[in-house]
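Residue-level structure breakdown
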Amino acid sequence: MVERVNLNHAAGNPVDKRVLKGMLPYFQEFYGNPSSVHIAGRHATKAVANARMQIVNLVGADTKDRIVFTSGATEANNLALIGFAYRNRRKGNHIITSEVEHLSILNPLKFLVKQGFEVTQIPVDEHGVIKLEALKEAITDKTVLFSVQHANNEVGTIHPIQEIADIAGDAKIPLHVDAVASAGQVPVDISDLGASLMTLSSNDLYGPRGVGALIIRRGTSIQPILLGGGQEMGLRSGSENVSGIVGMGIAAEIAGKELEANIRHLTKLRDRLIKEVTTKMEYTYLNGHPSHRLPNNANIRFSFVEGEAITLYLSFEGFLVATSSACTSRTLEPSHVLLSMGVDEAEAHGALQLTLGRDNTETHIDHFIKALPPIIKRLREMSPLYPPS
Amino acid sequence: MYSETVKDHFQNPRNLGEMKDADAIGKTGNPTCGDLIWIYIKVKDDIITDISFKTFGCAAAIATSSMLTELAKGKTLKEALKITRKEIAESLEGLPPIKMHCSNLAADGLHKAIEEYLGKTGRTVEDL
Ligand code: FES
């Protein structure tokens, strides 16, 4: 069997060994429910409280902020948007977001539009950066919330989040930051930003899947969207996923401690990957911002070829990658992020999303940059668009 | 998600490449996802004596183009027009449902090539 090289960490990270070890006792030994008053229950309560502290520390939150654990970032984004919009409906019905948000932001917003809310989507420039002027201009006296991602997981662009936060602050509009792609990759500080809400995902921190968190700062009120026994301060009913929450906590702690080392490691690999791939082949371009980008992300497009075909040829040689091609999307539409950046439909077909992880090495990059050019060459020879006339 | 036959045709496409002395070229695009297929044919006595393709598309699009050229080679124009997307998909041991639209593309390309060829001699498909 060929050795597998994972360059598709955006689709899922392996759970860190230390995280798994910390979680295991919570499946059998300490399986208590935090709602129980007995000793097992108290043990579970303590474990969850400890995990909250670990989240607080990762993003510079305050112990008085509420950390609501959810079934993942999708639920946390739904809770942030729908929970906030409904709770603050009296104050206004206008929400501002960007064109390049994750679908777990855009689809709940579509739902809210059906409920009578108004949503403005701010465009981005050719590097995928949210246009600040347009953001300022979109504010009306009905605006109740900004919801903006810190970084884009697909193309890797990091937005000027402090400037966005300042615009929100000046207009006294609460800010929700989707920090799923950035937390654990670059420093994130909710206090510096003055954001009201922040979404995190466990798996993006090398914790288990199926866990996420919404941070709700003091003074921000939302209403629950899952109703039941009133767990998680009444904001998220359902018995706590104690082992998962413990795992997310440990993952957050490790991500914080090893942040600098990971940034160094990944940036080095990423820069080499981008440089070698884009200079070795013609008609090959980087998507996203050249310098303000996530250390783990290289999104590169190859003109005249289609991404699923590249992905499949690469997988025959053991490389796991992802593409934004329309041919692999459920809707058969090209990536909304690339289109918003002004990449045309045919070009968007040939985009590869390469996401590095802690487990990647220089050797992986060596192998990849050797394997890729013959594949691109072969597919171009098959393509009626090549050579361009 | 792909059958072994699809993978084989994707990895070793038959009749691939431009045909310099083609009698007709059928160019078609996929409205669903934006891909392109060009089918080149050489015809003698209304028989497809040679056929090749170029494709800008997913693995299914490449494999269906390849399979189509295999099915059409040596057939009369009339027989070749009867090749359906179902027949192509079955010869490939099936395609995932979301990829069925790719097999339209190859068959359409061949139809266009045949129409263009007939047009050159003042005929239409009805005259076959
Ligand atoms: S050609 Fe686009 S899905 Fe097959």
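This structure is a prediction, so every number in the text was calculated from the model and none was measured.

1. A closer look at the interface of chain A and chain B
- The interface is formed by 23 residues belonging to chain A together with 25 residues belonging to chain B.
- Of the roughly 1900 Å² buried between chain A and chain B on both sides combined, carbon and sulfur atoms contribute 69%.
- Per-residue buried area on chain A facing chain B is highest for A:L332, A:M382 and A:P384; these three make up 35% of the total on that side.
- Counting every contact that joins chain A to chain B gives one salt bridge.
- With its nearest N and O atoms 2.8 Å apart, the salt bridge here joins B:K99 to A:E308.
- Within the residue set of the side of chain A that touches chain B, elements represented by two or more residues are α11 (307-316), α13 (345-349) and α14 (362-382) of chain A.
- When residues in the side of chain A that touches chain B are grouped by element, the largest group, five residues, is from α11(A).
- Looking at the side of chain A that touches chain B, its residues break down into 15 nonpolar, three polar and five charged.

2. As for the sheet that holds strand β13 (residues 351-355) of chain A
Residue and element names in this part refer to chain A.
- Across the sheet, four strands lie side by side as β9-β10-β13-β12; this open sheet has antiparallel pairing. The two strands at the open ends of the sheet, each matched to only one other strand, are β9 (284-287) and β12 (322-323).
- Pairing analysis gives five bridges linking strand β10 (residues 297-302) to β13, with the strands arranged antiparallel. By the bridge assignment, N299 is partnered in β13 with Q353.
- Strands β9, β10 and β13 of the sheet are contacted by helix α10 (residues 259-280), whose axis makes an angle of about 10° with β10.
- Packing of α14 onto the sheet brings it into contact with β9, β10 and β13, and relative to β10 it is tilted by some 25°.

3. A word on helix α2 (residues 59-72) of chain B
- Here α2(B) is 14 residues long and its end C-alpha atoms lie 20 Å apart, about the 20 Å a rise of 1.5 Å per residue gives.
- Most of α2(B) is tucked away, with 13 of its 14 residues classed as buried.

4. Examining helix α5 (residues 100-120) of chain B
Residues and elements named next belong to chain B.
- Compared with the 30 Å implied by 1.5 Å per residue over 21 residues, the 32 Å span of α5 between its first and last C-alpha is a close match.
- Among the residues of α5, those classed as buried are H101, C102, S103, L105, A106, A107, G109, L110, A113, I114, Y117 and L118.
- Looking one or two residues beyond α5, the residue adopting positive phi is G122, at roughly 70°.

5. Quick look at the confidence of the model for chain B
- Overall, the predicted model of chain B reaches an average pLDDT of 94, with 98% of residues at or above 70.
- In the predicted assembly, ipTM is 0.92 and pTM is 0.94.

6. Remarks on the pattern of salt bridges
- One pass over the structure, following the stated rule, counts 25 salt bridges over all chains.
- A:E362 serves as the salt-bridge partner of A:R272, at 2.4 Å between the closest nitrogen and oxygen. You can see A:R272 sitting in helix α10 and its partner A:E362 sitting in helix α14, a full 90 residues away along the chain.
- Classification of A:E362 by relative accessible area gives partly exposed; the value is 29%.
- The closest approach of N and O atoms between B:K7 and B:E4, which form a salt bridge, is 3.5 Å. On the criterion of helical spacing, the pair formed by B:K7 and B:E4 is a turn pair, its members being three residues apart in helix α1 (residues 4-11).
- For B:K7, a relative accessible area of 25% corresponds to the partly exposed category.
- It is possible to trace a salt-bridge network through shared partners that takes in A:K268, A:R272, A:E276, A:K280, A:E362 and A:D366.

7. Digging into the pairing of strand β6 (residues 175-178) of chain A
Residues and elements named next belong to chain A.
- Residues L175 and V177 point to one face of β6 and H176 and D178 to the other, with burial holding for every one of them.
- With four bridges connecting them, strand β5 (residues 143-149) and β6 associate as parallel partners. Across the sheet, F146 pairs through a bridge with L175, a residue of β6.
- What joins β5 to β6 is helix α7 (residues 161-170), and the crossover it makes is right-handed.

8. A look at unusual backbone geometry
- The linkage connecting A:Y386 with the following residue, A:P387, adopts the cis geometry, with an omega of -5°.
- Positionally, A:P387 belongs in the segment after α14.
- The residue B:D45 is not glycine, and still its phi comes out positive at about 50°.
- Relative to the helices and strands, B:D45 is located in the loop between β2 (36-44) and β3 (47-56).
- Although it is not a glycine, B:E93 sits at a positive phi angle of roughly 60°.
- For B:E93, a relative accessible area of 55% puts it in the exposed group.

9. Considerations on the packing of α11(A) against α1(B)
- For the pair α11(A) and α1(B), the least separation of the axes is 12 Å and the interaxial angle reads 100°. Compared by their axis directions, α11(A) and α1(B) come out roughly perpendicular. Between α11(A), through A:A309, A:L312, A:Y313 and A:F316, and α1(B), the contact on the second element is made entirely by B:K7, B:F10 and B:Q11.
- Residues belonging to the contact of α11(A) with α1(B) are distributed by class as follows: five nonpolar, one polar and one charged.

10. Focus: the environment of A:S325
Residue and element names in this part refer to chain A.
- Note that S325 resides in the loop between β12 and α12 (336-340).
- By relative accessible area, S325 is classed as buried at 1%.
- Residues S325 and H349, spaced 24 residues apart in sequence, show a C-alpha to C-alpha distance of 4.1 Å.
- If we skip the residues at most four places from it in the chain, S325 touches E306, G307, E308, A348 and H349.
- Among the polar contacts made by the side chain of S325, one reaches the side chain of E306 at a distance of 2.4 Å.

Conventions used here
- Numbering of residues begins from 1 in every chain and follows the order in which that chain's sequence is written.
- Numbering of ligands from 1 and lettering of chains from A proceed in the order in which they are written.
- At least 70 in pLDDT is required for a residue's local features to be given in this predicted model, at least 80 for side-chain atom pairs to be given and counted, and no such filter applies to totals for whole chains, interfaces and linings, which use all residues.
- Computation of side-chain values covers all heavy atoms of the structure but excludes hydrogens and water.
- Whether two residues are in contact is decided by their heavy atoms, any of which lying within 4.5 Å being enough.
- Two parts lose some accessible area (1.4 Å probe) when they are put together, and adding that loss for both gives the buried area.
- We define a salt bridge as a contact between a side-chain nitrogen of Lys or Arg and a carboxyl oxygen of Asp or Glu at a distance within 4 Å.
- The secondary structure listing takes helices from DSSP runs of H or I that are at least 4 residues long and strands from runs of E that are at least 2 residues long, numbered from the N terminus.
- Note on residue classes: Ala, Val, Leu, Ile, Met, Phe, Trp, Tyr, Cys and Pro are nonpolar, Asp, Glu, Lys and Arg are charged, and everything else, Gly too, is polar.
- Two strands pair under a simple rule: DSSP has to find at least two bridges between them.
- Axes here refer to lines fitted to C-alpha atoms; in helices the fit is confined to the stretch in contact. Angles between the N-to-C directions go from 0 to 180 degrees.
- Take the number of residues in a helix, subtract one, and multiply by 1.5 Å to get its expected span.
- Only protein chains enter the calculation, and the probe is 1.4 Å; a residue is then buried if its accessible area is under 20% of its type maximum, exposed if over 50%, and partly exposed in between.
- Looking at any residue, its pLDDT shows the predictor's confidence there, from 0 to 100.
- By convention, orient the strands away from the viewer: a clockwise path from the first strand over the helix to the second makes the crossover right-handed.
- Each angle gets one of four labels, with under 35 degrees taken as roughly parallel, over 145 as roughly antiparallel, 65 to 115 as roughly perpendicular, and the rest as oblique.
- Residues adjacent in sequence count toward polar contacts only when both atoms are side-chain atoms; beyond that, a polar contact is any pair of N or O atoms within 3.5 Å, and within protein one must be able to donate a hydrogen and the other to accept it.

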